[in-house]
Amino acid sequence: MPPITRRNFLADSAKASALLALGGTSVGSLLSACGTSSASSEATTLAVEIDAGQNANPFMWFANDMQSAVGVSPKIIGLPFVGQYEKIVSEMITRSNVYDVLVFPPFFVGDFVAKGFLHKLTDFGSESDFKLDDVLPVYRDVYLKRNGNLYAAAYDGDQLQIAYRKDMFDKAGITKAPTTWDEFVATAQALHQPPTQYGNAFYGQRGFCYGWFINIFAANGGKWFSSDMTPGIAGDAGVKALETLIKLKRYAPPNILQIGYPELNEAYLNGSTAMVVQWNDLALKAEDSTKSKSVGMNGYAPSPVANYMPYSRVMAISAYTSNPHNSYKLIQYMNRSEVSIKDVYDPNCGEDPFRTSHFDTSAVKDHTGKPTMSAAAATTYVSANKGGLAIGYPELSIPGAPRYIDILDLKVNEALSGGSTAAQALKSASDEWNSITTALDKSAQVKAYADWVDSFHKAGINY
Amino acid sequence: MAAVVGRRRASGGGRRFALLTVAPATLLLVGISIFPLLWALRLSFMQDSLLSVATPHFIGVDNYAHLFHDPLFWSSLGVTSVFAVSVITIQLVAGLAIALALDRLPRYQQVIATILLIPSILSPSVVSFQWRQLFDYYSGPLNYFLGLLHLPLQGWTASARGALPALVLVDFWEWTPFMVLLMFAGIKSLPRSVFEAARIDGSSGWQVTIFQTIPLLRRVIAIAVILRLIGAFKIFDIIYSLTAGGPGTSTESLAFYTYVQGFRYFDLGYSTAMAFVTLILITVLARLILGFMERPIGRSVG
């Protein structure tokens with residue numbers, strides 16, 4: 001039984017009042033309101049919360065097939081990409097049942113499990129329904145489970161990746177993608193010919209620019225925290241990483257601080273930028289002649305030394321849904337290898353490989369069966385993905401992760417905009433991180449972090 | 001005497017009747033306005049974070065004390081102040097100038113006034129979206145025209161120096177028409193005979209504007225400034241949509257920072273304290289402006 005708190009009391013009182021007011025309601029409805037419904041009494045059109053835009057497309061592509069196969073269909077509720085966390089939490093703390101299925105990045109999982117926002121998937125079926133053996137260990141062990149329990153199913157396996165223009169490299173006499181960050185900076189400098197050609201671009205806008213910092217920080221051997229939750233970002237690895245990012249700004253388009261996900265795609269796809277670090281789905285768009293000016297001229301490679309894996313998406317059942325069994329069916333359907341493989345190679349969505357079976361290059365086709373890239377490009381892309389996973393550096397996913405990350409993002413952005421030095425920005429972020437750890441109970445955070453790191457080791461990640 | 005007692009009785013009954021009549025409205029006011037305000041005031045003295053393990057508890061003035069040591073609060077206050085002073089000054093001058101010009105038009109005043117209202121009627125998200133397109137580095141029309149003139153292309157909201165002026169520009173576009181309409185309505189309500197007398201006395205158009213129109217419009221100007229001051233201190237929507245407070249904290253206003261604390265970090269106590277400080281600031285500034293308005297009009301107008 002959950003502890004009686006002010007919020008629980010208010011919510012329970014509201015529920016009791018509603019039940020009293022509905023005195024004549026059937027027993028079935030009452031059971032449903034209490035969350036103990038059976039699949040037959042549940043709604044079949046389910047509210048799916050997801051960041052709005054291309055990532056919701058697969059749900060709609062498969063809506064009819066899903067209805068035929070498992071008897072349910074999605075109703076998409078799109079939320080802004082930046083701002084998704086606060087919107088979900090705002091709904092969940094009032095025990096709203098507005099969402100049945102939640103699709104969100106795994107760095108929310110720590111908070112959501114701690115606050116009881118999610119059902120365990122195994123309450124409604126078996127782990128074997130999700131063919132976890134086929135899910136890449138880094139996503140399976142780090143992103144889907146907490147305390148040994150399966151709370152989510154994979155939907156998207158993100159990682160950062162270098163996309164570069166082979167023709168521009170050839171012209172400058174550069175024969176391969178950079179394998180160290182010093183090489184990366186030198187390559188960007190060599191290719192920088194403004195205003196017609198920029199050496200590199202990255203996510204510089206506030207919201208996710210921290211990810212491009214962590215990508216370099218990881219390569220420098222940085223760790224999020226030490227075992228006693230001392231922040232690692234303000235050490236040498238962090239300061240050097242941020243200084244490298246600031247240096248890269250010199251060889252980037254002048255609007256670099258305005259560049260977010262779509263703008264970064266545009267900067268590369270419009271042919272003005274020689275090399276970018278971007279989420280891996282850029283490759284699918286770069287090989288699509290309706291979106292790109294560089295089809296057949298692109299190379300793909302993992303980030304130098306370490307490869308950060310920010311975001312990704314998982315699907316979970318809201319603890320307050322009235323339709324948990326049917327939500328389970330929807331999640332299980334979308335997670336199937338034969339469905340998800342069509343998403344992860346379609347340039348009209350942002351989903352990326354998360355299953356071993358997704359690396360079958362013969363499956364590089366969109367959801368209609370049309371090939372989306374040449375065999376040669378597909379081989380390079382899959383190879384870059386595999387290479388990235390081998391040196392993968394997972395996203396922080398402990399309780400409070402969204403807040404730690406938001407502060408870091410703000411400070412990185414501040415340094416990029418010239419408001420502070422790298423050392424000042426990271427010291428300030430580190431101090432804020434200590435305050436967050438204290439507020440969340442340091443001993444609980446130490447344990448949560450240790451468990452999380454342990455899950456890396458199980459997944460074979462060298463951290 | 002009997003008549004006096006009767007009157008007293010009548011006034012006693014009248015008072016009860018009056019109380020009975022205003023009671024529903026008073027209760028409604030207390031219920032939907034005063035009670036939430038008091039509840040929020042209480043919250044500002046609590047440690048209450050929805051994502052913290054700690055049970056909400058009373059911490060006195062700690063949230064308010066923390067504000068004074070929070071550099072982000074001060075920087076957001078600075079951003080808000082610069083934004084407010086900039087938009088109010090520019091909009092007031094432009095609004096008054098356009099309203100005076102509009103007043104001199106022989107025809108189409110109503111049509112123009114109606115068209116002018118469009119930017120202020122538009123939803124802020126639509127305004128933000130359209131300006132996002134205008135500011136776009138690669139495909140925005142602003143940079144297109146700069147390119148035609150062989151001038152360097154601008155990042156607009158991409159630099160810490162340029163982002164706040166860009167927001168001032170958006171607010172100018174959105175709210176100057178509102179200022180024009182207020183001024184125009186004020187000018188129309190002024191007695192024409194005063195201006196005619198001044199003209200007969202030989203005053204030039206410029207002298208009439210400076211020494212008669214503007215002093216007579218003082219109350220309208222004060223109301224307009226207060227309305228825009230409140231709007232500027234609450235600025236959130238275009239910041240959220242266009243810059244998200246960045247680059248760095250260069251466009252993080254008080255309202256945006258309050259939102260971050262309340263709805264991103266779910267620190268209800270601290271964000272409520274911040275909201276009350278904002279409320280106090282606006283109230284004090286509005287009181288100062290009203291005080292200025294209530295000062296007797298000087299000799300130049302008499």
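Residues numbered from 1 in each chain as written. Chains lettered and ligands numbered in written order. Predicted model: local features only at pLDDT ≥ 70, side-chain atom pairs only at ≥ 80, totals over all residues. Heavy atoms only, no water.

**What to know about the interface of chain A and chain B**
Here is step 1: Counting from both sides, the interface comprises 35 residues of chain A and, opposite them, 36 residues of chain B.
Here is step 2: For the pair chain A and chain B, the summed buried surface comes to about 2900 Å²; carbon and sulfur atoms form 50% of the total.
Here is step 3: If you sort the residues of chain A by the area they bury against chain B, A:E86, A:R206 and A:Q258 come out on top, with a joint share of 21%.
Here is step 4: Inspection of the chain A/chain B interface yields 4 salt bridges.
Here is step 5: Across the salt bridge formed by B:R264 and A:E86, the nearest N and O atoms sit 3.4 Å from each other.
Here is step 6: Connecting chain A to chain B are 12 residue pairs in polar contact (both at pLDDT 80 or more). (Contact = heavy atoms within 4.5 Å. Buried area = accessible area lost by both parts, 1.4 Å probe. Salt bridge = Lys/Arg side-chain N within 4 Å of Asp/Glu carboxyl O. Polar contact = N/O pair within 3.5 Å; in protein donor to acceptor, adjacent residues only side chain to side chain.)

**A look at the packing of aromatic side chains**
Here is step 1: For the structure shown, the criterion picks out 58 aromatic pairs over all chains.
Here is step 2: Between A:Y164 and A:F169, the ring centres sit 4.7 Å apart and the planes meet at 40°, which makes this aromatic pair tilted. Neither residue differs from the other here; A:Y164 and A:F169 are each classed as buried.
Here is step 3: Summarising the aromatic geometry, the rings of B:F45 and B:Y64 are spaced 5.4 Å apart at their centres and angled 45° between planes, so their arrangement reads as tilted. With B:F45 in the loop between α1 (2-43) and β1 (46-47) and B:Y64 in helix α2 (residues 62-68), this pair connects stretches of sequence that are 19 residues apart.
Here is step 4: Here B:F45 falls in the partly exposed class, since its relative accessible area comes to 23%.
Here is step 5: You can call B:Y64 buried: its relative accessible area is 14%.
Here is step 6: The positively charged end of A:K223 is found above the aromatic ring belonging to A:Y463, 5.3 Å away from the centroid. (Phe/Tyr/Trp six-rings, centres within 6.5 Å; stacked < 30°, edge-to-face > 60°. Buried < 20%, exposed > 50% of the residue type's maximum accessible area, 1.4 Å probe, protein only. Helix = DSSP H or I, 4+ residues; strand = E, 2+ residues; numbered from the N terminus. Lys NZ or Arg CZ within 6 Å of the ring centre and 35° of its normal.)

**Re the domain arrangement of chain B**
Many authors give the size of an interface as the accessible area that is lost as the parts come together.
All names here are of chain B.
Here is step 1: The domain boundaries assigned to chain B delineate domain 1 (2-43) and domain 2 (71-293).
Here is step 2: Listed per partner, the contact involves 4 residues of domain 1 and 4 residues of domain 2.
Here is step 3: When domain 1 packs against domain 2, the two sides together hide about 360 Å² of surface, and 84% of this comes from carbon and sulfur.
Here is step 4: Viewed at the interface, domain 2 and domain 1 are joined by 0 salt bridges.
Here is step 5: Counting every contact that joins domain 1 to domain 2 gives 0 residue pairs in polar contact (both at pLDDT 80 or more).
Here is step 6: Looking at the side of domain 1 that touches domain 2, its residues break down into 4 nonpolar, no polar and no charged. (Domains from an automatic or database assignment. Nonpolar A, V, L, I, M, F, W, Y, C, P; charged D, E, K, R; others polar.)

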